Amino acid sequence: MVETVGEALVSLGLRPAEPGEFTRRAFENGRMDLAQAEAVADLIDAETTAQAAQALGQLDGALSQTYAGFRRDLLRALSLVEAEIDFPDEEVPDNLARTAGPVLDGLIAELGTALADARRGERVREGYRIVLIGETNAGKSSLFNALVAREAAIVTPIAGTTRDVLDADLIIGGYAVTLSDTAGLRDSDDPIEAEGVRRARGRAEQADLRLWVRAPGDAEGPAAAFFRPDDLLVLTKADIDRAAPPPDRESIVVSTETGEGLGALHDWLAARLAQDLSGGDFPAVTRERHRRRLAEALAAVEAGRRALDRSPEMAGDDLRRAADSLARVTGAIGVEDILGEVFSTFCIGK
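Given the structure is predicted, the values throughout are model-derived calculations rather than measurements.

What counts and what doesn't
Residues numbered from 1 in each chain as written. Predicted model: local features only at pLDDT ≥ 70, side-chain atom pairs only at ≥ 80, totals over all residues. Heavy atoms only, no water. Helix = DSSP H or I, 4+ residues; strand = E, 2+ residues; numbered from the N terminus. Expected span 1.5 Å × (residues − 1). Buried < 20%, exposed > 50% of the residue type's maximum accessible area, 1.4 Å probe, protein only. Arc of directions from axis to C-beta. Contact = heavy atoms within 4.5 Å. Salt bridge = Lys/Arg side-chain N within 4 Å of Asp/Glu carboxyl O. Core = buried A, V, L, I, M, F, W, Y, C linked by side-chain atoms within 4.5 Å.

(A) Expanded view of helix H9 (residues 191-206). For H9, which comprises 16 residues, the first-to-last C-alpha distance of 23 Å matches the rise-based estimate of 22 Å (1.5 Å per residue) to within 8%. Three or more residues of H9 are buried, namely Glu193, Gly196, Val197, Ala200 and Ala204. The buried residues of H9 occupy an angular sector of 100 degrees when projected down its axis, which confines them to one face. Of the residues in H9, the exposed ones pointing more than 90 degrees away from the buried face are Pro191, Ile192, Arg198 and Glu205. Looking at the buried residues of H9, the elements they touch are strand S1 (128-134) and strand S4 (209-214).

Below is the structure:
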């Protein structure tokens, strides 16, 4: 019925809406800026309370206000530099451009802090990556199945059963998580298993958190090289033999057979996600595009700060370039070349 009505409307001269068309019109008519338009897409795609909350905050202008603050400080410094350049013979203080130094120093610190926190907003949007690593037969696949609450991975007593990376999406503590089961880390002459080990190492390097899974009686092997101080050691098969937790590493003892320790592990993960992804301030970066522009702006401000004492003209060029990069996040200038990138990801008509 809906399809028939649609065909009838098209026959009368109407056309289907393009992806993101309604939001694009709102942007082009000044009803929202580009960061808020992106928030509409994020809100549509949100699957967790954290994703929805972040999108709503961005839609309300939290991200735009942050970038507007950066730009105000930048324009304040730029005005001092431009005054010395444009009015050298007027009654302006000597070395006026140099008075912009403290403003730029503060801005550099703020931009650096925002970039250091860049992964928080992106991880809320895209999902926090947790990877299970360990030796063969350590119980990684059984733990994977227990955490995702289904038989997603094949479990057998045969060492090396898992050959490739297996991903599953789940929600822990209101945050989106991508959990990965990987091949057991060991030396192998089997080219297929060796490729699985290579992929396991690569995925472990990219993880936000690694759970180092170890069975009772297992000595530290190749997996130990991946252990970071903030990772968690999970001692499995507690129903068979209870391994003594090492005193120098945070650890949890579990049994996927009896369920022992799984609740404590879930609570630990929820607390870790809240620690890593929540914060008092709204994240200044929620997309890779924002991070790229922020990095460009920081590099330009740093270059302008270095040039300030020797050449106000060069400093002014650098600061104008930084202002351009910041403005592109909200679409204040330089819009046409990024509209397609932003709105192509929208649902039809939204």
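(B) Local environment of the pattern of salt bridges. What the rule picks out here adds up to 22 salt bridges. In this structure, the salt-bridge partner of Arg287 is Glu38, at a minimum N-O distance of 3.9 Å. Placement of Arg287 in the loop between helix H10 (262-277) and helix H11 (288-307) and of Glu38 in helix H3 (residues 34-45) is noted, with a sequence separation of 249 residues between them. Of the two residues, Arg287 and Glu38, neither departs from the other in class, the shared state being buried. Between Asp317 and Arg320 there is a salt bridge whose closest N-O contact spans 2.4 Å. Residue Asp317 and its partner Arg320 are both found in helix H12 (residues 312-330); the two are separated by 3 residues, about one turn of the helix.

(C) Seen up close, H11. The first and last C-alpha atoms of H11 sit 29 Å apart over 20 residues, in line with the 28 Å expected at 1.5 Å per residue. Of all the residues in H11, the buried ones are Arg289, His290, Arg293, Leu294, Ala297, Leu298, Ala300, Val301, Ala303, Gly304 and Ala307.

(D) Examining the nonpolar core more closely. Among the nonpolar cores identified, the biggest contains 30 residues, and Tyr67, Phe70, Leu74, Leu111, Leu294, Val301 and Leu326 are the most heavily contacted of them. Listed by contribution, the elements that provide at least two residues to this core are helix H5 (62-86), helix H6 (101-116), H11 and H12. Broken down by element, the residue count for this core peaks at 7 residues, all from H5. Filtering out sequence-adjacent residues up to four positions away, Leu111 remains in contact with Phe70, Leu294, Ala297, Leu298, Val301 and Leu326. Listed in part, the 29 residues of the second largest apolar core include Val124, Ala138, Val148 and Ile172.

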